[in-house]
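Structure assessment
Listed below are the residues making up each chain.
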Amino acid sequence: MAKLLYSVTMSLDGFIAGPGGDMSWLTPYLGPNPYVDELIGDIGSLLVGNRTFRGDDPYKDTPSEGEAFGGGWSGPQIVLTHHVPEADWPGITFVSDFAEAVRQAKEAAGDKYVNVLGADVARQCLAAGVLDEVLTCVAPVLLGDGVRLFEQPGGRTVGLERIHLSGVPLASLLRFRVLPAG
């Protein structure tokens, strides 16, 4: 059965996007990463938030613009949105219900990972108890403002168990298993 993996690159001060969802800060840190490149082969589907899907692309103005992982992955994408478009998008399914989006993404992934993209969708997955792992690439930069990796008004502690730690020239990689609440 598919597991849900939230993968993200974060600045050292905890931001995954700059102000207004700006992703241009990420471009210098998209260098080779053998660990991530190998993991991409284990992804069966994407569960993507609407803001991430329609947002800024770190591959903007390159041949890889608009491609998942800069063209390193292709497959079914489930976009969670309150505004399902009328037009069809090849390979992309728009779903307005969270539980249904998770179900479809897991079904599409088979026995591979559902890769979660977007802070709000990841937060919803944590709240629902369906997120299994978190992979964070920490880039050597301080953004100072933007979208946080995880933000829970009023606070909530989420236990994690580290299952991988490594580094490449442009990032440090941390992979965690999400522990059951309680």
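These notes cover the structure that comes with them.

About the criteria used
- Residues numbered from 1 in each chain as written.
- Predicted model: local features only at pLDDT ≥ 70, side-chain atom pairs only at ≥ 80, totals over all residues.
- Heavy atoms only, no water.
- Salt bridge = Lys/Arg side-chain N within 4 Å of Asp/Glu carboxyl O.
- Helix = DSSP H or I, 4+ residues; strand = E, 2+ residues; numbered from the N terminus.
- Buried < 20%, exposed > 50% of the residue type's maximum accessible area, 1.4 Å probe, protein only.
- Contact = heavy atoms within 4.5 Å.

**With respect to the pattern of salt bridges**
Side chains that differ in sign of charge can pair as their charged atoms come close. Within this structure, the stated rule accounts for five salt bridges. For Glu100, the salt bridge identified is with Arg103, shortest N-O distance 2.7 Å. Of this pair, Glu100 and Arg103 both sit in helix α3 (residues 98-109), separated by three residues, roughly a single helical turn. For the salt bridge of Glu161 with Arg177, the shortest nitrogen-to-oxygen distance reads 3.0 Å. Here Glu161 is found in strand β9 (residues 160-168), whereas its partner Arg177 is found in strand β10 (residues 171-178), with 16 residues between them in sequence. A relative accessible area of 36% means that Glu161 is categorised as partly exposed. The exposure class assigned to Arg177 is partly exposed, which follows from its relative accessible area of 34%.

**A few points about the side chain of Asn33**
Checked against the element boundaries, Asn33 lands in the loop between β2 (15-17) and α1 (34-40). Given a relative accessible area of 8%, Asn33 falls into the buried group. In this view, Asn33 contacts Cys137, Val168 and Leu173; residues no more than four positions away in its chain are not counted.

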